[in-house]
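Observations on chain architecture
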Amino acid sequence: MSTFILGIIILLVGGALYGKLCERVFGPDDRKTPAYEKQDGVDFVPLPKRKNALINLLNIAGTGPILGPIQGILFGPIAFITIPIGCVIGGAMHDYFSGMISLREGGIQMPEIVQRSTNKAVSKIYTVFVSIVLFLIGVVFIYTPGDIAATQVFGFGGTAAEPSTWIIYSCIFVYYLVATVFPIDKIIGRVYPVFGAILILSAVGVFIMLFVKGYALADVWDAWTLGGFDFAEYFTDQHFIPAFFITVACGILSGFHSTQITLVTRTLESEKEGRLTFYNMMIAEGFIAMVWAAGTMAMIGIGAEQAGITMALNDGVWTYFAASDSGLMQISATSVVGVICRNMLGPVGGIIAIIGVIILPITSGDTALRSLRLILSDRLKIKQDKSIKRILLSLPIFVIAYVVLIWAKINPDGFNTIWRYFGWSNQTLAIFALASIFIYLFRHDKKRYVWMPFIPLVFYSFVTCSYIMNSKIGFGISYVTSCVIGGVFAVAVVAVTLYFSRKN
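These numbers were taken from a predicted model, which means no experiment stands behind them.

Time to look at the layout of surface pockets. Counted as a void, the second largest pocket has a volume near 610 Å³. If you trace the second largest pocket, you find 22 residues lining it, with Arg266, Leu374, Ser377, Asp378 and Arg379 closest to the centre. Secondary structure elements with two or more residues in the lining of the second largest pocket: helix H6 (110-117) and helix H14 (333-380). Across the lining of the second largest pocket, the residue classes break down as 7 nonpolar, 5 polar and 10 charged.

Right under this line is the structure:
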């Protein structure tokens, strides 16, 4: 438990200090924001500070800060240190500067930021890349909340053969279409504060019960064995670097965030709200990640016989098992959510927490598709001032998304394939954003602070490249060779970033 507490202190104290430094480096002032300069009643709409903060938190916090840590904690208690440090100096910094650059430049989206930092060719590559990622997010964030709702709230089987599965998916689809098309203050601005309250209460509830019930958590300086599971063995076998940082994206650093934050820059009333809205909300996501990581370790510690989780090898892969009437039953990472909620919060509190987990991906999926609509409209020069134009642009996206969803549900490994590529591509997106931040600071007489984006830029360039080289979903090259290639790629990224920094 001591390592977990230390991690929370690092997250909160480090976040307060580093967030202040980020704010001082950028220098927000009292100039008019895009919400007022470009007010259109649809996307550029002034909203209150607290509402913007909650909207941003729900935009960025999908199932990532829950499912990622549930799987990432298997690497051991070192996760309680790497999550907060990475969040403070990586993810929150990435989110703050991405948001503030967009805000200062008129509420532009990430493709335009990348283009202004590099050139049209790089921006086009980024636009294609980010469009695919946002599309995949829309699909997976229908699949995961739909399945959790079907199996853990309504008690259905959640299979492709059941009509209830498609009814639930369709309901989420309808909400997405409404949230994507209607003015931001009419739908998102009204319902998100309620969703935000449920999300926060769920995380706080699990956090409190960790101490009230006195669950055992492993510490980095003690044995890494708990509930019969050897975290140290998993740490070594699964290659902590780079696998952990692909597994746990949201909660540490996520490239997807930059695409969502630039939506909120169009509703901020003052630049000075940036630290709360961008930096501090990422710290809040880091807290959510820490809580669910700790909750999973606690369940492993008590074991399936005490309504927790037992880890066992299944076809050479460590798998979660829970107790059932017929003995141990294999469960997915999604089902671990239900185990944690029911064990810690009881039947009623557990259901409320599960609802919060369902809300998380829905409130990220809708804005992902909204962001995709805005990116496509900007690139295709299609004005979004009328509802019919927004509907005509959104409908093809939704039709294709539903077709992919059907494939993912019918194909036994369909969803897993989509999720793995989403995880890797999500982190790859961050390279574009971090390079753009570096170039922005370099060009705006802040060269002495370029080390802030430089550190995560180098690290994640190495992580993403070495992972795809070594992973089964990539090239399957040996670990050592993949690390060498990753190192060369990181050097190349730095060289290209410096080139564009000096070019203009």
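Let us keep going from here.
It is worth spelling out the sheet that holds strand E5 (residues 327-331) at this point. Reading across from one edge, E3-E4-E5 is the order of the 3 strands in this open sheet, with antiparallel pairing throughout. Of all strands in the sheet, those with a lone pairing partner are strand E3 (310-314) and E5, marking the two edges. Between one strand axis and the next, the sheet turns through 50° on average, direction left out of account. As paired strands, E3 and strand E4 (residues 317-324) are joined by 5 bridges and run antiparallel to one another. When the sheet's bridge partners are listed, methionine 311 is paired in E4 with tyrosine 320.

Right, let's talk about the pattern of salt bridges for a bit. Counted by the stated rule, this structure contains 10 salt bridges. The salt bridge partner of glutamate 23 is lysine 20, with a shortest N-O separation of 3.7 Å. Pair noted here: glutamate 23 and lysine 20 are both in helix H1 (residues 2-26), with a separation of 3 residues, about one helical turn. On the accessibility criterion, lysine 20 (48% relative accessible area) is partly exposed. Residues glutamate 23 and arginine 275 are paired through a salt bridge, measuring 3.8 Å at the closest nitrogen-oxygen approach. Linking glutamate 23 in helix H1 with arginine 275 in helix H13 (residues 274-302), this pair joins segments that are 252 residues apart in sequence. Of the two residues, glutamate 23 and arginine 275, neither departs from the other in class, the shared state being buried.

Before going further, it helps to examine the nonpolar core. By size, the foremost hydrophobic cluster in this structure holds 160 residues, and its most contacted members are Phe4, Phe97, Tyr176, Phe244, Tyr320 and Met344. When residues no more than four places from it in sequence are discounted, the contact partners of phenylalanine 4 are Phe80, Phe207, Leu210, Phe211, Leu217, Met290, Val291 and Ala294.

What follows deals with the pairing of E4. Bridge count for E4 against E5 is 5 bridges, and the pairing is antiparallel. Along E5, the bridge assignment pairs tyrosine 320 with isoleucine 331. Connecting E4 to the next strand, E5, in antiparallel fashion are 2 residues.

Moving on, we get to the environment of valine 264. Among the secondary structure elements, valine 264 is positioned in helix H12 (residues 256-264). Through-space distance from the C-alpha of valine 264 to that of phenylalanine 44 is 9.0 Å; in sequence the pair is 220 residues apart.

Bringing H1 into the picture now. With 25 residues, H1 extends 35 Å between its outermost C-alpha atoms, agreeing within 8% with the 36 Å of an ideal straight helix rising 1.5 Å per residue. The largest bend in H1 comes to about 30°, at glycine 15. Of the residues trailing H1, glycine 27 is marked for its positive phi of about 75°.

Turning to the packing of helix H5 (residues 79-104) against helix H17 (residues 451-470), a few remarks are in order. Taken N-terminus to C-terminus, the directions of H5 and H17 make an angle of 120°; their axes are 10 Å apart at the nearest point. Taken as axis vectors, H5 and H17 run oblique relative to one another. Seen from above, H5 lies across H17 with left-handed handedness. Contacts between H5 and H17 pair Ile89, Gly90, Met93 and Phe97 from the former with Met452, Pro453 and Pro456 from the latter. The residue inventory of the contact of H5 with H17, partitioned by class, reads 6 nonpolar, 1 polar and no charged.

Time to look at the environment of threonine 225. On the secondary structure map, threonine 225 appears in strand E1 (residues 225-226). Accessibility expressed as a relative area gives 45% for threonine 225, which makes it partly exposed. Remark: the alpha-carbon pair of threonine 225 and glycine 301, spanning 76 residues in sequence, is separated by 8.9 Å.

Along the chain, threonine 144 turns up in helix H7 (residues 120-153). At a separation of 2.9 Å, a polar atom in the side chain of threonine 144 contacts the main-chain carbonyl oxygen of valine 140. With sequence-adjacent residues up to four places away left out, threonine 144 is seen in contact with Thr63, Leu67, Pro361 and Phe415.

Rules and cut-offs
Residues numbered from 1 in each chain as written. Predicted model: local features only at pLDDT ≥ 70, side-chain atom pairs only at ≥ 80, totals over all residues. Heavy atoms only, no water. 1 Å grid on protein atoms, 1.4 Å probe; cavity = no way out; pocket = protein on both sides within 12 Å on 5 of 7 lines; lining within 4 Å. Points joined across faces, edges and corners; volume = space filled by probe spheres on them. Helix = DSSP H or I, 4+ residues; strand = E, 2+ residues; numbered from the N terminus. Nonpolar A, V, L, I, M, F, W, Y, C, P; charged D, E, K, R; others polar. Pairing = 2+ DSSP bridges. Axes fitted to C-alpha atoms, helices over the stretch in contact; angles between N-to-C directions. Salt bridge = Lys/Arg side-chain N within 4 Å of Asp/Glu carboxyl O. Buried < 20%, exposed > 50% of the residue type's maximum accessible area, 1.4 Å probe, protein only. Core = buried A, V, L, I, M, F, W, Y, C linked by side-chain atoms within 4.5 Å. Contact = heavy atoms within 4.5 Å. Expected span 1.5 Å × (residues − 1). Bend = angle between axes of the 7 residues up to and from the residue. Parallel < 35°, antiparallel > 145°, perpendicular 65-115°, else oblique. Left-handed = near helix turned anticlockwise from the far one by under 90°. Polar contact = N/O pair within 3.5 Å; in protein donor to acceptor, adjacent residues only side chain to side chain.

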